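Structural characterization, general
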Amino acid sequence: MSKKPLILGIESSCDETAASLITENDQGLPIVLSNIVSSQVDVHREFGGVVPELAARSHSEKIDLIVQKAINESGKKINEIDAVATTAGPGLIVCLSVGLSFGKAFASAINKPFIAVNHLEGHALSPKLNSKLNYPYLLLLISGGHSQYLCVEGLG
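Everything numeric in this text was worked out from a predicted model, so none of it was measured.

A word on the overall build of the chain. Tallying secondary structure elements over the chain gives four helices and seven strands in all. Listed by position from the N terminus, the elements making up the chain come as β-β-β-α-α-β-α-β-α-β-β. By the compact-globule yardstick of 15 Å for 156 residues, the chain fits well, its C-alpha radius of gyration being 16 Å. For the C-alpha atoms alone, the extent of the chain along its principal axes is close to 50 × 40 × 20 Å. Taken over 156 residues, the chain has a buried fraction of 33%. Counting only contacts in the chain whose residues sit at least 6 apart along the sequence, the fraction spanning at least 24 positions is 55%. Here the chain contributes 12 positively and 15 negatively charged side chains, and the mean placements of these two sets differ by 7 Å.

In regular strands, side chains alternate between the two faces of the sheet. Along strand S4 (residues 83-89), six of the seven residues are buried, which leaves the element largely enclosed by surrounding structure. Of the crossover connections in this fold, the one passing from S4 over helix H3 (residues 93-109) to the parallel strand S5 (residues 114-118) is right-handed.

Another aspect to go through is the state of the cysteines. By the definition in use, this model includes zero disulfides. With no disulfide of its own, Cys-14 lies 6.1 Å from the sulfur of Cys-95, the closest cysteine sulfur. Overall, the relative accessible area of 27% leaves Cys-14 in the partly exposed class.

Right, let's talk about the nonpolar core for a bit. In terms of nonpolar packing, the biggest core is built from 20 residues, with Leu-8, Leu-21, Val-67, Ile-81, Val-84 and Phe-106 touching the most fellow members. At the level of secondary structure, the elements contributing two or more residues to this core comprise strand S1 (7-11), strand S2 (16-24), helix H2 (52-74) and H3. Ranked by the residues each element gives to this core, the list is headed by H2, at seven residues. Beyond its immediate stretch of four places on either side in the chain, Ile-81 contacts Leu-6, Leu-8, Leu-21, Ile-71, Phe-106, Ile-110 and Lys-112.

With an omega of -5 degrees, the peptide bond between Gly-89 and Pro-90 qualifies as cis. The residue Pro-90 is located in the loop between S4 and H3 in this model. Along the chain, Tyr-135 connects to Pro-136 via a cis peptide bond; the corresponding omega equals -10 degrees. Note that Pro-136 resides in the loop between helix H4 (119-125) and strand S6 (137-143). Residues other than glycine seldom take positive phi values, yet Asn-111 does so here, at roughly 55 degrees. One can find Asn-111 in the loop between H3 and S5.

Inspection of the secondary structure assignment puts Tyr-137 in strand S6. Sequence separation of Tyr-137 and Glu-153 is 16 residues, and the distance between their C-alpha atoms is 6.9 Å. Residues within four places of Tyr-137 in sequence aside, it is in contact with Ala-124, Leu-125, Pro-127, Lys-128, Leu-150, Cys-151 and Val-152. Of the polar contacts made by the side chain of Tyr-137, one reaches the backbone oxygen of Ala-124; its length is 2.6 Å.

What follows covers the layout of surface pockets. Each pocket or cavity is described by its volume, and for the largest pocket that value is around 1600 Å³. In terms of lining, the largest pocket is formed by 48 residues, of which the most central are Val-117, Gly-122, His-123, Ser-126 and Leu-129. When contributions to the lining of the largest pocket are tallied by element, the ones reaching two or more residues are S1, S2, strand S3 (30-39), S4, S5 and H4. Considering every element that reaches the lining of the largest pocket, the biggest residue donor is S2, with seven residues. Residues of the lining of the largest pocket, tallied by class, amount to 22 nonpolar, 19 polar and seven charged.

Calculation rules
Residues numbered from 1 in each chain as written. Predicted model: local features only at pLDDT ≥ 70, side-chain atom pairs only at ≥ 80, totals over all residues. Heavy atoms only, no water. Helix = DSSP H or I, 4+ residues; strand = E, 2+ residues; numbered from the N terminus. Rg over C-alpha atoms; globule rule 2.2 N^0.38 Å. Buried < 20%, exposed > 50% of the residue type's maximum accessible area, 1.4 Å probe, protein only. Contact = heavy atoms within 4.5 Å. Lys, Arg positive; Asp, Glu negative; His and termini not counted. Charge placed at Lys NZ, Arg CZ, Asp CG, Glu CD. Right-handed = clockwise from strand over helix to strand, strands pointing away. Disulfide = S-S within 2.5 Å. Core = buried A, V, L, I, M, F, W, Y, C linked by side-chain atoms within 4.5 Å. Polar contact = N/O pair within 3.5 Å; in protein donor to acceptor, adjacent residues only side chain to side chain. 1 Å grid on protein atoms, 1.4 Å probe; cavity = no way out; pocket = protein on both sides within 12 Å on 5 of 7 lines; lining within 4 Å. Points joined across faces, edges and corners; volume = space filled by probe spheres on them. Nonpolar A, V, L, I, M, F, W, Y, C, P; charged D, E, K, R; others polar.

Honestly, it's all geometry; don't read function into it.
See below:
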């Protein structure tokens, strides 16, 4: 039995800071070991929508704590992580830059590969986390300003 990859995922494209550790079982199906999400609903409520500068500041204040909590709740150690994946766009650039900077620095500090993830492709592939889907499949993607029907034909 070969070692299954352990990936730290980081998301900061808009108004939530999130971190998760994921691996796979012997059949190659994903296993989410932890998933920590910090919402910013209260930060933006009075403005009636997301304020990019406030969102980025909130990401900066919480990202290290969110990542540490995700690692702790996964039951894994930092040295067991095989790669770090971070949302690279589309999204609010000031928010994305927080997650990207943190993810790249973290990957560099533990000498592991860094994986930039397209936000919309992440959504398009997320049904495969809990469903046995074969390519191609039809997807209705609704995320922020992105609403579209897609024929998901594979990675990339």
